[in-house]
Amino acid sequence: MTLAEMQFQVPDLRLASAEIFMLLMACLILVGDLLVKDEKRTLTFVATQLTLIGAAVITFASSSGETAYTFSNMYVGDLMADLLKLLLYLTVIVILFYSRGYILERPQMARGEYYSLALFATLGMMVMISASHLVTVYIGLELLSLSLYAMVAMNRDSVPATEAAMKYFVLGALASGLLLYGMSMIYGATGTLEIPAIAERLYMGQFDKGILVFGLVFLVSGLAFKLGVVPFHMWIPDVYHGAPTAVTLFIATAPKLAAFAMVMRLLVNGLIVVSQDWQAMLIILSVLSMAIGNIAAIAQTNLKRMLAYSAISHMGFMLLGIVTGVVGGDARFALNAYSSAMFYVITYVLTSAGTFGMILLLARGGLESDELDDFKGLNRRSPWFAAVMMMMMFSMAGIPFFVGFFAKFSVLQAVVAAGHLWLAIVAVAFSLIGCFYYLRVVKIMYFDPPTNTSPIEAPLDMKILMSANGLAVALLGIFPQVLMSLCAFSLLRSL
Amino acid sequence: MSGTPLLSLAIWVPILAGLVVLATGSDRNAPLARALSLIGAVAGLLVTIPLYTGFDLHTPAMQFVELKPWIPRFNVNYHLGVDGISMLFVILNSFITVTVILAGWQVIDSKVAQYNAGFLIMSGLLNGIFSALDGVLFYVFFEASLIPLYLIIGIWGGPNRVYAAFKFFLFTLFGSLLFLIALLYLFISSGGSFSILDWHRMPIGMTAQTWLFLAFLVAFAVKVPMWPVHTWLPDAHVEAPTGGSIVLAAIALKLGAYGFLRFSLPIAPDASHELAGLVIALSLIAIIYIGFVALVQEDMKKLVAYSSIAHMGFVTLGFFIFSPLGVEGALVQMISHGFVSGAMFFSIGVMYDRAHSRLIADYGGVVNTMPKFAAFFMLFAMANAGLPATSGFVGEFMVILAAVEHNFWVAFAAASTMIVGAAYTLWMYKRVVFGSVANHHVAELSDINGREFLVFVLFAIGALGMGLYPQPFTEVMHSSVDELLRHVALSKIQ
């Protein structure tokens, strides 16, 4: 290589301008917050929200719809990334609105750190979404995880929160180790870390199958841990339950979008050639998750814990969309299957945000309201918010006319199209079991008399947003076409 | 009227009315909520009248068709239409909604707006089921209609309402989930169509037909309900408020039977012939065994619930004889049962509102204190027993006639129920109404008021009118039923 060829190339920064903006603003807010007095903390909140809106504008404006690489092929910008990032900003904006009242009532959390950590976590997810290199994936994931560990432990006098943070950290570190080990094996087998190059070498047959599959097992384990599917789900109930509800809301929503992107980048973009191997693994994980998630959720009395198990089962269901992309080496159904999974994740995030938001709405005066009994007789206290919560529950259960039905519908049609009839039957059987505990929440709200008759007090912005969230679940259930075709279109342009 | 989307109006007028009623909020506005609900229900009924007056008797094709793309991603269409089989149910359902709103007028005094809105929304969803010609649209209405009834049973029901509501919801959902897989399978194997009419024409191999038939059977048998998956119905009926029981018996049970005609028979005709024996056997068990079960009931609502299962046995029996007389008889029986069972549950509700008991043993000599009521109750009890000149007779008679042509012993077994049916209904009537005044509760009963009188008259017009002059009901069915049977007779195996 001559000296002339080794010249330093300036990477195309425009492609990653949203990430750069986010990084600058997160640092600025972190430092700026030190100068803000407690009573003026609203300033930090406003700045954070403006940052997210700014990032959304940048992402939207710089979206070309073409797939382009920068930073020596470590970073990819494509339509799927743009769509997921826009949804990510929206989710985080909603989360911050929902959590604001909760945080203000807890002196240890009422600092600027919650906001700057949220921004760093968002940055981590953005990097994950746009990663086209194994190291980029890892960097994004770690940035997200470390921010989340800190957020869980934020209410530092709370014993359950501290315990949850410890568990999350130790198990999370283990999973990162697994993932990293798997990545190193894949590097050993193919000789490259760039995801498109991995795909190319696999396609050409230039790889060591034994080492590759060995690494794949570790990679899938690491991914399964981050997705929270059985048997790598142990942390989910404890972390969801122990973390302050505002943080649970964060963990239960936005990272699912990033995790979906990570699965797409690693398994579909990178390792599609060995899809038979990872699909077989994921089928087992998926069925186990639906089984254990739905059955264990029945026994819970704490709503956050119940939703944790429900999250496990939903991620299992979403994986069904991923495993049906390639049938016997035939990738005809890939777009259909992956866009169904994407639609599923997005609607899950929408519904999950509403559900945890409702727990935050009821939590007033520094108290939690995360027991199922706290929802007793909600219909008498507030018919409208009981109706919103009911829509969330029916949506999660997959009953029409709510969006959750079409999420299940599109994944199931992908499963049936792939010829896995038995898998579809297993999936609906566990959905039926799952229906029981969602119906129980409706029962508690509607059939039981209230124990607490005080009217619901919440800031107006939260009430409006909560109502909008409920209406979105209903309206997307009646008109799912737009979001469905958006998912399909973005994947069509990206795959 | 050709340009008016009548079926859309039949679906969305009640649903929108329900949402408006919901908006009236707390019980302070209960009178307003009641008035609005009645207006909504009557408006919902009025928009369905042109379906009958404008109906073309001479074509088996779908009429009043509306076709708009709904979810192009999966080729799902907002495709509505009715033929001679489904049209009458849309009208019946809208009619029943009016009676339900009237039936709950004074009795329901807590959360009035939610109660009435539940029934109005339910009415729209049920109309949607009967007029959907797209598999997904059908399924969406079919499942969504579970939600209002679940809430109605759970909020306004009796002491064991939670158990009954869960059992109702999970049983029916169990059936419909397999149905969903069958729909998806048809979607894939038809090359991407959810149109029920396309599926009717599509050739399907015998193995696939058998599996489809069984999936449909599970879904619809639970809904009908057929023995042995009927156990949710008595619980649901006993716990539901009067209005809930009326809708459940008059309309919700018809969904399963309607499903057989719209899905099982035309989509899997060969499997239907092959497995007709199974369905006939299950129907006969329902007719005879459940008839005897009804005989020993001590709770009036349970008794009528079991008698409903027996009557629906006639319906499924009529379908699987594959003769025009049988299918039309079954359809007549379905509509008649809508009037009669609705009226029976309303009668029991009238007594329950006054004496707060449904046990036969708590009554006796009701005729002494409620003579007008006793007269109406007599009429509907007779209709339930299948007395000639009431609607109950026409359907059963037609089915039995068809059964004689098919197989004498099947007909014999089915006809025996005329005796059992008369026995349990009239025996109950005798114990409740006749005799001397049994206790001071009965002595204090007051006769029906004007509102209750009106509801009884509405039901009586239906039951008697259909019994004396069934022609207007049967003539609209002819061409559709003939076409259906012609279609079912053709093999789909290639």
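What counts and what doesn't
Residues numbered from 1 in each chain as written. Chains lettered and ligands numbered in written order. Predicted model: local features only at pLDDT ≥ 70, side-chain atom pairs only at ≥ 80, totals over all residues. Heavy atoms only, no water. Helix = DSSP H or I, 4+ residues; strand = E, 2+ residues; numbered from the N terminus. Rg over C-alpha atoms; globule rule 2.2 N^0.38 Å. Buried < 20%, exposed > 50% of the residue type's maximum accessible area, 1.4 Å probe, protein only. Areas by Shrake-Rupley, 256 points an atom, 1.4 Å probe, with all protein chains shown as cover. Lys, Arg positive; Asp, Glu negative; His and termini not counted. Charge placed at Lys NZ, Arg CZ, Asp CG, Glu CD. Patch = residues over 30% accessible without salt bridge, like charges linked within 9 Å, V, L, I, M, F, W, Y side chains within 5 Å. Salt bridge = Lys/Arg side-chain N within 4 Å of Asp/Glu carboxyl O. Contact = heavy atoms within 4.5 Å. Buried area = accessible area lost by both parts, 1.4 Å probe. Polar contact = N/O pair within 3.5 Å; in protein donor to acceptor, adjacent residues only side chain to side chain. Nonpolar A, V, L, I, M, F, W, Y, C, P; charged D, E, K, R; others polar. Axes fitted to C-alpha atoms, helices over the stretch in contact; angles between N-to-C directions. Parallel < 35°, antiparallel > 145°, perpendicular 65-115°, else oblique. Left-handed = near helix turned anticlockwise from the far one by under 90°. Phe/Tyr/Trp six-rings, centres within 6.5 Å; stacked < 30°, edge-to-face > 60°. Lys NZ or Arg CZ within 6 Å of the ring centre and 35° of its normal. pLDDT = per-residue confidence, 0-100.

## Observations concerning the overall build of chain A
Moving on, step 1. A tally of regular secondary structure across chain A gives 20 helices and 2 strands.
Moving on, step 2. In summary, chain A has a C-alpha radius of gyration of 22 Å against a globular reference of 23 Å for 495 residues, a match within 12%.
Moving on, step 3. For chain A, the proportion of its 495 residues judged to be buried stands at 62%.
Moving on, step 4. Approximately 17,600 Å² of chain A is accessible, and the part contributed by carbon and sulfur atoms is 69%.
Moving on, step 5. Side-chain charges of chain A comprise 27 positive and 28 negative groups, with the mean position of each set lying 6 Å from the other.

## As for a nonpolar patch on the surface
Moving on, step 1. A cluster of nonpolar side chains, Leu13(A), Ile20(A), Leu24(A) and Phe71(A), forms an exposed patch at the surface whose accessible area comes to about 340 Å².
Moving on, step 2. Looking at Leu13(A), the relative accessible area reads 42%, which means it is partly exposed.

## Quick look at the interface of chain A and chain B
Moving on, step 1. Between chain A and chain B, the residue contacts involve 40 residues of the former and 35 residues of the latter.
Moving on, step 2. Summing both sides of the interface, chain A and chain B together bury roughly 3,400 Å²; the carbon and sulfur share of this comes to 82%.
Moving on, step 3. When the area that chain A buries against chain B is broken down by residue, the three leading residues are Phe401(A), Phe409(A) and Phe447(A), summing to 21%.
Moving on, step 4. Our count for the chain A to chain B interface comes out at 0 salt bridges.
Moving on, step 5. Linking chain A to chain B there are 7 residue pairs in polar contact (both at pLDDT 80 or more).
Moving on, step 6. Contributions of two or more residues to the side of chain A that touches chain B are made by helix 14 (334-362), helix 15 (378-381), helix 16 (383-397), helix 17 (403-417), helix 18 (421-446), helix 19 (460-478) and helix 20 (481-494) of chain A.
Moving on, step 7. No other element matches helix 18 of chain A, which puts 12 residues into the side of chain A that touches chain B.
Moving on, step 8. Broken down by class, the residue content of the side of chain A that touches chain B amounts to 28 nonpolar, 9 polar and 3 charged.

## Points about the environment of Ser145(A)
Moving on, step 1. Secondary-structure assignment places Ser145(A) in helix 5 (residues 134-152).
Moving on, step 2. For the pair formed by Ser145(A) and Asn452(A), sequence separation is 307 residues and the distance between their alpha carbons is 38 Å.

## Thoughts on the packing of helix 16 (residues 324-355) of chain B against helix 19 (residues 391-406) of chain B
Residues and elements named next belong to chain B.
Moving on, step 1. It is the contact of helix 16 with helix 19, at a shortest axis distance of 8 Å, that shows an interaxial angle of 155 degrees. By the angle between their axes, helix 16 is roughly antiparallel relative to helix 19. Like other packed secondary-structure pairs, helix 16 and helix 19 cross with a definite hand, here left-handed. Residues Leu325, Gly326, Glu328, Gly329, Ala330, Val332, Gln333, Ser336 and Val340 of helix 16 touch helix 19, and the partners they reach there are Ser391, Gly392, Val394, Gly395, Glu396, Met398, Val399, Leu401 and Ala402.
Moving on, step 2. Among the residues making up the contact of helix 16 with helix 19, the classes are represented as 9 nonpolar, 7 polar and 2 charged.

## Some words on the pattern of salt bridges
Residue and element names in this part refer to chain A.
Moving on, step 1. According to the stated counting rule, one finds 17 salt bridges over all chains in the structure shown.
Moving on, step 2. Between Asp448 and Lys443 there is a salt bridge whose closest N-O contact spans 3.5 Å. Neither residue differs from the other here; Asp448 and Lys443 are each classed as buried.
Moving on, step 3. A single salt-bridge network, built from bridges that share partners, covers Glu163, Lys167, Asp238 and Arg305.

## Things to note about unusual backbone geometry
The bulk of non-glycine residues show a negative phi, and the bulk of peptide bonds are trans.
Moving on, step 1. Cis geometry is adopted by the peptide bond preceding Phe401(A), which originates at Pro400(A) and carries an omega value of -5 degrees.
Moving on, step 2. Along the chain, Phe401(A) falls in the loop between helix 16 and helix 17.
Moving on, step 3. In the segment running from Trp227(B) into Pro228(B), the intervening peptide bond is cis, with an omega of 5 degrees.
Moving on, step 4. Tracing the backbone shows Pro228(B) in the loop between helix 10 (206-223) and helix 11 (232-239).
Moving on, step 5. For His356(B), which is not glycine, the phi torsion reads 55 degrees and is therefore positive.
Moving on, step 6. With respect to the helices and strands, the residue His356(B) is situated in the loop between helix 16 and helix 17 (366-369).
Moving on, step 7. When its relative accessible area of 57% is taken as the criterion, His356(B) is described as exposed.

## Section: the packing of aromatic side chains
Moving on, step 1. Summed over all chains, the structure comprises 67 aromatic pairs over all chains.
Moving on, step 2. Arranged with centres 5.7 Å apart and planes meeting at 40 degrees, the rings of Phe409(A) and Phe194(B) form a pair that is tilted. Residue Phe409(A) is found in helix 17, and its partner Phe194(B) is found in the loop between helix 8 (161-189) and helix 9 (196-201); the two belong to separate chains.
Moving on, step 3. Just above the ring of Phe142(B) sits the side chain of Lys223(B); from NZ or CZ to the centre is 4.9 Å.

## Re the confidence of the model for chain B
Residues and elements named next belong to chain B.
Moving on, step 1. Of the residues in chain B, 100% have a pLDDT of 70 or more, and the chain-wide mean is 86.
Moving on, step 2. Looking across chain B, the model is least confident in helix 21 (residues 440-443), with a mean pLDDT of 78, and most confident in helix 6 (residues 135-144), with 92.
Moving on, step 3. What the predictor reports for the complex is a pTM of 0.91 with an ipTM of 0.89.

## Describing the packing of helix 4 (residues 87-103) of chain B against helix 22 (residues 450-468) of chain B
All names here are of chain B.
Moving on, step 1. For the pair helix 4 and helix 22, interaxial distance at closest approach is 9 Å and the crossing angle is 160 degrees. Between helix 4 and helix 22, the angle is such that the two are roughly antiparallel. Where helix 4 crosses over helix 22, the two elements pack in a sense that is left-handed. Between helix 4, through Phe95, Ile96, Thr99, Leu102 and Ala103, and helix 22, the contact on the second element is made entirely by Arg451, Leu454, Val455, Leu458 and Phe459.
Moving on, step 2. Across the contact of helix 4 with helix 22, the residue classes break down as 8 nonpolar, 1 polar and 1 charged.

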